[in-house]
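Coordinate inspection notes
Residues per chain are reported as follows:
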Amino acid sequence: MDIKGILESLKKNEMSLDEAEKILRMDYIERVNGHTVFDHGRKMRKDIPEVVYALAKTPKMVADVAKRIPKGKFLLISRASKEHYDAVVSAVTENEVTYHEDASMISVGKPDGNEKRGLIGILTAGSSDIRVAEEAKLMAESMGCKCVTSYDIGVAGVHRVLEPMKDMLNDNVDVIIVVAGMEGALPSLVASLSSVPVIGVPASTGYGYGGNGEAALMSMLQTCSPGLAVVNIDNGIGAGSMAAIISKRRHR
């Protein structure tokens, strides 16, 4: 629940003054077992859910954070393994826990609100880029946006991109996320054909020199196609949150 919702509930006597104060006081950071500083107020302050990066954390560390989430609140855990998921399920009893295998993410609880505002298109150059795209999709959806996707339409068969792009623009998407590894050419192409903002995400797929996403990142940064912004390598979280901010702002 955001600040406006809390005040409306208080005004309608659906919530006591003490309950409202308790919720608003949660806008603070909490230190968890000496290893994590958790931001309880990010959703209320920025309309972006708190995200825990699990890759370099043990399952116990992730579970320690997840069990601090009050009932009804929402948390995303990125780059999570099945071992992380098992530990979170064992630690969390009051909230629903879901493992999103395609995105390597865990969600704890459910996002606030049922109404979806805004529409985001997501494309990938190859099927190897789908995990990053699904991370962006889950992030954007958790912020209240709808997403439409089309995968494996890279420049190796450039004719494949025309139909899904046409469909997305006809559907009036507010922004398009494009994930690409190798030489990272697809975002520049999409930006050259699109009338909406494009967010490029370099993916760490490719061979040899530059194959960890560096070549794709440099290619996107050097684009000569206006209207393309770029996030860091494999940063689906950053792309999804920025796309949702753009999309939701347009519909206010």
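Now for a quick tour of the structure. (Residues numbered from 1 in each chain as written. Predicted model: local features only at pLDDT ≥ 70, side-chain atom pairs only at ≥ 80, totals over all residues. Heavy atoms only, no water.)

Some points on the overall build of the protein
How we decide: Secondary structure elements follow DSSP: runs of H or I no shorter than four residues count as helices, runs of E no shorter than two count as strands, and numbering proceeds from the N terminus. Each residue gets one of three labels from its accessible area relative to the maximum for its type: buried under 20%, exposed over 50%, partly exposed in between, using a 1.4 Å probe on protein chains only. Working rule for contacts: check all heavy atoms of both residues, and any pair within 4.5 Å makes them a contact. Computed with a 1.4 Å probe, the accessible areas rest on the Shrake-Rupley method; for each residue, only the protein chains presented here act as cover.
If you tally the helices and strands in the protein, you get 10 helices and 11 strands. Each of the 252 residues in the protein was classed as buried or not, and the buried ones make up 49%. Across the protein, contacts joining residues at least 24 apart in sequence account for 66% of those joining residues at least 6 apart. Put simply, the protein shows about 13,000 Å² of open surface, and 52% of that area lies on carbon and sulfur atoms.

Things to note about the environment of K60
Mapped onto the secondary structure, K60 falls in helix α4 (residues 59-66). Measuring from C-alpha to C-alpha, the distance between K60 and V88 comes to 8.0 Å, with 28 residues separating the pair along the chain.

Focus: the packing of helix α6 (residues 130-142) against helix α10 (residues 236-250)
Threshold: Axes here mean lines fitted to C-alpha atoms, for a helix over just the part in contact, with angles spanning 0 to 180 degrees between N-to-C directions. Angles are sorted into four bins: roughly parallel if under 35 degrees, roughly antiparallel if over 145, roughly perpendicular if 65 to 115, and oblique for all others. Here a crossing is called left-handed whenever its near helix is offset anticlockwise from the far helix by less than a right angle, and right-handed whenever the offset is clockwise.
Where α6 contacts α10, the two axes come as close as 7 Å, and the packing angle between them is 40 degrees. What the angle tells us is that α6 and α10 run oblique. The way α6 lies across α10 gives a crossing that is right-handed. Side by side, α6 and α10 meet where V132, E135, A136, M139 and A140 of the first sit next to G236, I237, G240, S241 and A244 of the second.

Focus on the sheet that holds strand β8 (residues 146-150)
What counts, and what does not: When DSSP finds two or more bridges between a pair of strands, those strands are recorded as paired.
A sheet is described by the order of its strands in space; here 5 strands give the open sequence β8-β7-β9-β10-β11, paired in parallel fashion. Each edge of the open sheet is held by one strand with a lone partner, namely β8 and β11 (228-230). Averaged over all pairs of adjacent strands, the angle between their axes in this sheet comes to 25 degrees, without regard to strand direction. Bridge analysis of strand β9 (residues 175-180) against strand β10 (residues 198-202) gives 5 bridges, and the strand direction is parallel. Bridge pairing in β10 places I177 opposite I199. Packing against the sheet, α6 makes contact with β7 (119-124), β8, β9 and β10, and its axis sits at approximately 170 degrees to β7.

Description of the sheet that holds strand β5 (residues 97-100)
Overall, mixed pairing links the 4 strands, which are arranged β3-β4-β6-β5 in an open sheet. Each edge of the open sheet is held by one strand with a lone partner, namely β3 (51-53) and β5. Averaged over all pairs of adjacent strands, the angle between strand axes in this sheet comes to 20 degrees, irrespective of strand direction. Summarising the sheet, strand β4 (residues 75-78) and strand β6 (residues 105-108) pair through 3 bridges and their orientation is antiparallel. Note that in β6 the partner of I77 across the bridge is I106. Here α6 sits on the sheet and contacts β3, β4, β5 and β6; the angle it forms with β4, its principal contact strand, is near 170 degrees.

Examining helix α5 (residues 82-91)
What sets the pattern is the α-helix's 3.6 residues per turn: residues three or four places apart point alike. Spelled out, the test is: Throughout, the arc means the angular range of directions from the helix axis out to the C-beta atoms.
Three or more residues of α5 are buried, namely H84, Y85, A87 and V88. Around the axis of α5, the buried residues are gathered within 165 degrees of arc, so they sit on the same side. In this structure, α5 carries E83 and S90 as exposed residues pointing more than 90 degrees from its buried face.

With respect to helix α8 (residues 186-193)
Among the residues making up α8, those that are buried are L186, P187, S188, V190 and A191. On the buried face of α8, the contacting elements are β7, α7 (162-170), β9, β10, α9 (214-221) and β11.

Some remarks on the pattern of salt bridges
The condition is simple: Only one rule defines a salt bridge in this text: a Lys or Arg side-chain nitrogen within 4 Å of an Asp or Glu carboxyl oxygen.
Overall, the coordinates contain 9 salt bridges when judged by the stated rule. Among the salt bridges present, the one from R79 reaches E135, with a minimum N-O distance of 3.1 Å. Of this pair, R79 sits in the loop between β4 and α5 while E135 sits in helix α6, placing them 56 residues apart in sequence. Note on E135: relative accessible area 2%, which makes it buried. Taken together, the salt bridges that share partners define one network made up of K60, D64 and K67.

A short note on unusual backbone geometry
Note: most peptide bonds trans; most residues except glycine with negative phi. Residue D152 is not a glycine yet carries a positive backbone phi of 65 degrees. Even without being a glycine, N172 presents a positive backbone phi close to 70 degrees. Inspection of the secondary structure assignment puts N172 in the loop between α7 and β9.

What to know about the pairing of β10
Successive side chains on a regular strand alternate, one facing one side of the sheet and the next facing the other. Selection rule: A crossover counts as right-handed when, viewed with the strands pointing away from the observer, the path leading from the first strand over the helix to the second turns clockwise.
Counting buried residues in β10 gives 5 out of 5 residues, a clear majority hidden from the surface. Residues of β10 alternate between two faces, with V198, G200 and P202 on one and I199 and V201 on the opposite face, all of them buried. Taken together, β9, α8 and β10 constitute a β-α-β crossover, and its handedness is right-handed. In terms of handedness, the path from β10 via α9 over to β11 forms a crossover that is right-handed.

Function cannot be read off these values alone, since they describe shape.
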